[in-house]
Amino acid sequence: MRKDVRILLVGEPKVGKTSLIMSLVSEEFPDVVPYRVEEITIPADVTPEKVPTHIVDYSEAEQTDEQLFQEISKANVICIVYAVNSKTSIEKVTSHWIPLITENTDKDSRVPLILVGNKSDLVEHSSMETILPIMNQHSEIETCVECSARNLKNISELFYYAQKAVLHPTGPLYCPEKKDMKPLCVKALTRIFKVSDLDNDGILNDNELNFFQRICFNTPLEPHALEDVKNVVRKNTMDGVLNNGLTLKGFLFLHTLFIQRGRHETTWTVLRRFGYDDDLELNQDYLFPGLKVPPDCSTELNHNAYLFLQSVFDKHDKDRDCALSPEELQDLFDVFPYMPWGADVNNTVCTNDQGWITYQGYLSQWTLTTYLDVQRCLEYLGYLGYSIIAEQESQAAGFTVTRDRKIDLQKKQTQRNVFRCNVFGDVASGKSGFLQAFLGRNLTRQKTIKEEHRSYYAISTTYVYAQEKYLLLHEVFPDFDYLTDADLACDVVCLVYDVSNPYSFEYCTKVFKEYFTDSRTPCMMIAAKSDLPEVKQAYGCSPLEFCRRNKMPPPQTFTCNIAAEPSRDIYTKLTTMAMYPHARLRCMCTCNRCTFCLCQNFLNSELLQTVRAKLYAVVLRRHVSQEDLKSSTFWLKASVGASVFAVLGFAVYRVLLKSR
């Protein structure tokens with residue numbers, strides 16, 4: 001809605017422009033009328049539309065043509081005043097004033113015109129027969145009002161119509177020649193209908209109509225009023241009402257009827273409630289509400305936004321197979337001005353055997369968009385009508401801005417639900433296969449992916465200690481000299497090398513030493529293509545020794561060249577490391593080779609269990625008399641035995657650690 005309205009009155013001398021303004025303000029006809037009155041501002045609280053209104057007078061005697069042109073350019077609506085008893089002033093409307101205004105206004109944004117026939121008290125006939133052909137000839141003319149400044153006839157109505165012409169213009173909505181709504185208006189109302197059709201059955205039932213009425217006009221329709229509306233549609237159009245509900249055809253007919261009957265403010269109220277501006281484009285403030293994201297913070301969808309997106313999915317999943325077919329996906333995005341998801345999305349999230357995006361994949365893609373480009377996600381939710389259907393102030397209410405990662409590290413806990421893992425590796429090391437395996441695709445399925453549909457992201461859910469979390473994998477282009485801050489900003493790093501390529505591991509070591517040696521970001525080494533024969537890496541030490549020296553978990557073997565879906569254990573480990581970077585988890589395996597595993601095996605060994613059992617039997621299960629319990633010698637022996645056992649255990653641990 002506009003902040004104010006600027007009305008300019010023009011016309012021939014002596015037609016009563018100044019008298020009209022003075023009669024409006026003083027509510028009586030002035031005895032003395034000056035050539036021109038200064039600009040008058042009417043406060044918002046005394047205007048019907050509750051908008052401040054500026055009324056500007058023009059006098060040929062006191063103003064130059066240049067001043068007139070400036071006022072025309074600043075006006076929101078122009079009232080061309082003529083005297084109903086002066087044929088000359090009527091002729092000047094078309095011969096002088098309309099051409100003059102047209103020449104001094106932008107062709108793309110015509111100023112609405114109001115024809116004002118003053119001095120109606122001096123004649124007994126109406127000038128409308130003369131004016132109607134002029135109105136039909138010039139589409140920018142909104143209406144014509146006959147009034148009398150002396151009798152105060154239609155004075156308030158004149159300025160109300162002028163306000164209305166600015167706030168609720170007919171031009172963008174309706175074509176008088178065709179007697180139908182314009183294509184842009186039909187397109188906007190069609191989107192509004194589809195957003196309001198909550199069950200996507202092509203009909204607005206009574207509940208949906210009442211919800212629509214409430215969110216647009218803050219009041220529901222009474223049952224009898226609802227039936228009256230349907231009866232009007234039934235009488236005037238075929239297929240406007242179906243199964244006792246309003247179809248799109250009936251919905252469009254109703255708004256055409258509103259406009260034809262001069263109630264276009266009703267249609268504008270609906271359009272503006274759904275985010276449209278005066279040009280019937282979605283307002284930028286509606287699509288992109290303010291949302292501040294401080295540095296080192298991320299954005300996530302909150303519970304209410306996920307519930308809304310779930311309802312949108314259910315609304316369009318007509319066959320109830322928990323996946324969106326291409327037709328269902330197209331129907332979902334029909335309220336968008338363009339198709340937001342390309343073919344690469346199918347290789348970014350989970351799909352079913354037919355390649356259709358599943359429910360989990362659908363939510364994952366929204367999570368990915370929120371994390372990478374929150375402004376784009378705000379726009380998308382605006383097209384879907386989130387703030388209207390969820391009855392929120394704006395789309396920004398559907399997002400959570402996480403706290404700074406530095407605070408998470410200090411407090412050693414996080415409330416985030418989305419974690420980013422950047423995947424580094426040399427060319428042909430297996431990075432793409434690692435991403436696709438996260439989505440449950442083995443090598444056979446990966447070979448069907450076209451190069452132009454390839455995605456450098458993969459996102460899905462993992463469970464860490466029974467908590468569902470999103471893990472976002474990003475394949476970093478293997479150009480060592482051009483790694484950006486975005487390539488390095490993440491929660492966990494994954495370094496992938498090919499076990500069958502002797503030169504593959506060296507790239508991982510260079511990346512680690514250059515960027516992550518002194519970083520607090522946890523890193524994991526992935527030994528990819530483990531189904532192939534392993535060769536010795538052409539580096540100064542083995543991958544296992546490199547990980548030990550740099551306090552990393554041992555290399556995790558991985559392959560996607562299997563018949564079944566690849567294991568997801570490794571992705572759970574990555575998510576765990578991202579959630580608890582302070583923990584520095586040394587071992588996340590059962591390899592039986594690393595120090596941790598050897599110590600665990602020793603502590604659980606049969607030999608140690610036997611020794612412990614014998615000591616237990618000797619020290620605790622022997623018959624102990626009351627005299628022994630009071631004897632210091634007994635307790636001295638028990639203490640020495642426990643000390644010897646602890647020293648022996650520590651010595652074994654040191655020997656094993658040194659050997660590794």
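Since the structure is predicted, the reported quantities are computational estimates derived from the model, not experimental observations.

*Asks:* Help me get a handle on the overall build of the protein chain, residues and values and all.
*Replies:* Along the protein chain, the regular secondary structure elements total 27 helices and 21 strands. Looking at the 660 residues of the protein chain, the share that counts as buried comes to 48%. Of all intrachain contacts in the protein chain linking residues separated by at least 6 positions in sequence, the fraction that spans at least 24 positions is 70%. For the protein chain, the exposed area adds up to about 34300 Å²; of that, 52% sits on carbon and sulfur atoms.

*Asks:* So what's going on with the sheet that holds strand β6 (residues 141–146)? Which residues, and what values?
*Replies:* The pairing of strands in a sheet happens through backbone hydrogen bonds and is either parallel or antiparallel. Overall, mixed pairing links the six strands, which are arranged β2-β3-β1-β4-β5-β6 in an open sheet. Whereas interior strands pair on both sides, the edge strands pair on one side only; in this sheet they are β2 (40–42) and β6. Sheet twist, expressed as the mean angle between neighbouring strand axes with direction ignored, is 20°. Here strand β1 (residues 5–11) pairs with strand β3 (residues 53–56) via four bridges, running parallel. Residue pairing across strands places V5 opposite T53, the latter belonging to β3. Lying on the sheet, helix α4 (residues 128–137) is in contact with β4 (77–83), β5 (113–118) and β6; it crosses β6 at an angle near 170°. Packed on one face of the sheet, helix α5 (residues 155–167) meets β1, β3, β4, β5 and β6 and runs near 120° to β1.

*Asks:* Let's hear about the confidence of the model for the protein chain: which residues, and what values?
*Replies:* Per-residue pLDDT for the protein chain averages 88, and the proportion of residues at 70 or more is 89%. Per-residue pLDDT, averaged within each element of the protein chain, yields its smallest value for helix α24 (residues 595–603) (52) and its largest for helix α14 (residues 359–372) (98). Here residues 585–592 scores under 50 on pLDDT; set against residues more than four positions off or in separate chains, the count is 23 contacts.

*Asks:* Please give an account of the sheet that holds strand β21 (residues 556–557) that cites residues and values.
*Replies:* Strand order in this open sheet of six strands is β17-β18-β16-β19-β20-β21, and the pairing throughout is mixed. Two strands lie at the open edges of the sheet, namely β17 (457–464) and β21, each paired on one side alone. For strand β16 (residues 418–425) and strand β18 (residues 467–475), the ladder comprises six bridges, and the chain directions are parallel. In the strand pairing of β18, V423 is matched with E475. Set on the sheet, α14 makes contact with β16, β17 and β18; between it and β18 the angle comes to about 65°.

*Asks:* Could you give an account of the nonpolar core, with specific residues and numbers?
*Replies:* Core analysis: the largest hydrophobic core is formed by 74 residues, its most contacted members being F274, Y362 and W366. Setting aside anything within four residues of it in sequence, one finds W366 in contact with L301, L309, W341, C377, Y380, L381 and L384. Among the nonpolar cores identified, the runner-up in size contains 27 residues, and L435, A437, L574 and M577 belong to it.

*Asks:* Mind laying out the pairing of β16, listing which residues take part and the relevant values?
*Replies:* With eight of eight residues buried, β16 lies mostly within the body of the structure. Both faces of β16 are covered, namely the face carrying V418, R420, N422 and F424 and the face carrying F419, C421, V423 and G425. Summarising the sheet, β16 and strand β19 (residues 492–498) pair through five bridges and their orientation is parallel. Residue pairing for β19: F424 is matched across the bridge by L495.

*Asks:* Residues and numbers for empty space enclosed by the protein, please.
*Replies:* As enumerated under the stated definition, the model contains two cavities of 30 Å³ or more in all. As a volume, the second largest cavity reaches approximately 50 Å³. What lines the second largest cavity is simply I98, I101, T102, T105, R110, V111, L113 and E140. Here the lining of the second largest cavity takes three residues from helix α3 (residues 87–103), the largest share from any one element. In terms of residue class, the lining of the second largest cavity is built from four nonpolar, two polar and two charged.

*Asks:* Now, about α4: what can you tell me, with residues and values included?
*Replies:* Those residues of α4 that sit buried are I131, I134 and M135. Along the axis of α4, the buried positions cluster into a sector of 100°, meaning they face one direction only. Among the exposed residues of α4, those pointing more than 90 degrees away from its buried face are E129, N136 and Q137. On its buried side, α4 packs onto β4, α3, β5 and β6.

*Asks:* Outline the layout of surface pockets, supporting the account with residue identities and numerical values.
*Replies:* Put simply, the largest pocket is a space of about 1400 Å³. If you trace the largest pocket, you find 46 residues lining it, with S139, E142, T170, G171 and P172 closest to the centre. Of all the elements in the fold, those that place two or more residues in the lining of the largest pocket are α2 (65–74), α4, β6, α5 and α9 (248–260). Of the residues belonging to the lining of the largest pocket, the class tally is 19 nonpolar, 14 polar and 13 charged. Counting contributing residues, the lining of the largest pocket receives three or more from each of domain 1 (5–168) and domain 2 (177–281).

*Asks:* Any chance you could break down helix α15 (residues 374–384) for me, citing the residues and the numbers?
*Replies:* Helical geometry: 3.6 residues make up each α-helical turn, so side chains three or four residues apart lie on a common side. Summarising burial for α15: nine of the eleven residues are buried, a large majority. Three or more residues of α15 are buried, namely V374, C377, L378, E379, Y380, L381, G382, Y383 and L384.

*Asks:* Could you give an account of the pattern of salt bridges, with specific residues and numbers?
*Replies:* Oppositely charged side chains can form a pair if their charged atoms are brought close together. On inspection of all chains with the given rule, the structure shows 23 salt bridges. In this structure, the salt-bridge partner of E71 is K74, at a minimum N-O distance of 4.0 Å. Here E71 and its partner K74 are both found in helix α2, three residues apart, which amounts to about one turn of the helix. A relative accessible area of 46% places K74 in the partly exposed class.

Rules used throughout
Residues numbered from 1 in each chain as written. Predicted model: local features only at pLDDT ≥ 70, side-chain atom pairs only at ≥ 80, totals over all residues. Heavy atoms only, no water. Helix = DSSP H or I, 4+ residues; strand = E, 2+ residues; numbered from the N terminus. Buried < 20%, exposed > 50% of the residue type's maximum accessible area, 1.4 Å probe, protein only. Contact = heavy atoms within 4.5 Å. Areas by Shrake-Rupley, 256 points an atom, 1.4 Å probe, with all protein chains shown as cover. Pairing = 2+ DSSP bridges. Axes fitted to C-alpha atoms, helices over the stretch in contact; angles between N-to-C directions. pLDDT = per-residue confidence, 0-100. Core = buried A, V, L, I, M, F, W, Y, C linked by side-chain atoms within 4.5 Å. 1 Å grid on protein atoms, 1.4 Å probe; cavity = no way out; pocket = protein on both sides within 12 Å on 5 of 7 lines; lining within 4 Å. Points joined across faces, edges and corners; volume = space filled by probe spheres on them. Nonpolar A, V, L, I, M, F, W, Y, C, P; charged D, E, K, R; others polar. Arc of directions from axis to C-beta. Domains from an automatic or database assignment. Salt bridge = Lys/Arg side-chain N within 4 Å of Asp/Glu carboxyl O.

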